[in-house]
Amino acid sequence: MGERYALFADFGFHNTGVGWARSHGREPGLAVELAAGTVVQVDQRQLDSFSEPQPSDVGRYEITLDPADRWSYKTPSLRNVALTAPYMHDGSLPTPAAVVDFYDRGGIDNPGRDERIRSLNLSVAEKTALVAFLDSLTGSDVQRLVARARAPWAGGEPAGAASGAQES
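Now for a look at the structure at hand. Keep in mind the model is a prediction, meaning the values are calculated, not measured.

### Describing the overall build of the chain
Secondary structure assignment for the chain yields six helices and four strands. Seen in sequence order, the chain has helices and strands lined up from the N terminus as β-α-β-β-α-α-β-α-α-α. Within the chain, the fraction of its 168 residues that count as buried is 26%. The contacts in the chain between residues at least 6 apart in sequence include a share of 58% that link residues at least 24 apart. Roughly 11700 Å² of accessible area belongs to the chain as shown, and the carbon and sulfur atoms make up 55% of that amount.

Below you can see the structure in the form of structure tokens.
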């Protein structure tokens, strides 16, 4: 595997329809995982009744002002993806299986949807295998990396500090 694909992402910006649906009031609601494997869909009207109005969700367009960038969001790495729930730029999908189902349906149709996102018609076995593959992208050293990220210095010294340096 070459350097270009080691993180399993193109880091490009793509319109999957999620931001478009939110901006057009067509959100199906929020998928909430109550327990492992038990997901319920909460109706968007219920959420709106006790939530503040959501700000505009136009994606990369907010930065570039290029209409072609409306509702496009950056593709993250799939490394350790099983540990990074919830998914999508807005956290609207609770599990990797929900993400696979979303892409299997072809995302959400809209005028600017990325042409590569289309219905896949995967079988149950193919979806199960794809979720297992995503799970397999979790590294064996995750706990060490998490500990290192929480304490970025070793031996009580900030990274890059000179040994024996004193504060003034």
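### Thoughts on the packing of helix α4 (residues 96–104) against helix α5 (residues 124–136)
Packed helix pairs are characterised by how far apart their axes lie and by the angle those axes make with each other. Contact geometry of α4 with α5 gives a least axis separation of 10 Å together with a crossing angle of 130°. Looking at the two axes, α4 sits oblique to α5. As α4 packs across α5, the resulting crossing turns out to be right-handed. Only Lys127, Leu130, Val131 and Leu134 of α5 make contact with α4, whose side of the interface consists of Pro96, Ala97, Val100, Asp101 and Asp104. Looking at side-chain class alone, the contact of α4 with α5 contains six nonpolar, no polar and three charged residues.

### A short note on the pattern of salt bridges
In this structure the tally under the stated criterion is five salt bridges. When the shortest N-O distance is used, the salt bridge between Asp104 and Lys127 registers 3.3 Å. Taken together, the residues span a long stretch of sequence, with Asp104 in helix α4 and Lys127 in helix α5 at a distance of 23 residues. Since its relative accessible area comes to 22%, Lys127 is described here as partly exposed. When the shortest N-O distance is used, the salt bridge between Arg144 and Asp141 registers 2.9 Å.

### Side note on the side chain of Asp114
Considering the arrangement of structural elements, one finds Asp114 in the loop between α4 and α5. With relative accessibility at 11%, the residue Asp114 sits in the buried group. Here Asp114 is in contact with His14 and Asn15, once residues within four sequence places are set aside.

### Description of the layout of surface pockets
What the largest pocket holds in volume is close to 1100 Å³. At the level of elements, β4 (73–74), α4 and α5 are the ones that each hand at least two residues to the lining of the largest pocket. No other element matches α4, which puts four residues into the lining of the largest pocket. In the lining of the largest pocket, the residues fall into 19 nonpolar, six polar and six charged.

The rules behind the values
- Residues numbered from 1 in each chain as written.
- Predicted model: local features only at pLDDT ≥ 70, side-chain atom pairs only at ≥ 80, totals over all residues.
- Heavy atoms only, no water.
- Helix = DSSP H or I, 4+ residues; strand = E, 2+ residues; numbered from the N terminus.
- Buried < 20%, exposed > 50% of the residue type's maximum accessible area, 1.4 Å probe, protein only.
- Contact = heavy atoms within 4.5 Å.
- Areas by Shrake-Rupley, 256 points an atom, 1.4 Å probe, with all protein chains shown as cover.
- Axes fitted to C-alpha atoms, helices over the stretch in contact; angles between N-to-C directions.
- Parallel < 35°, antiparallel > 145°, perpendicular 65-115°, else oblique.
- Left-handed = near helix turned anticlockwise from the far one by under 90°.
- Nonpolar A, V, L, I, M, F, W, Y, C, P; charged D, E, K, R; others polar.
- Salt bridge = Lys/Arg side-chain N within 4 Å of Asp/Glu carboxyl O.
- 1 Å grid on protein atoms, 1.4 Å probe; cavity = no way out; pocket = protein on both sides within 12 Å on 5 of 7 lines; lining within 4 Å.
- Points joined across faces, edges and corners; volume = space filled by probe spheres on them.

Don't take any of this as a statement about function, it's just geometry.
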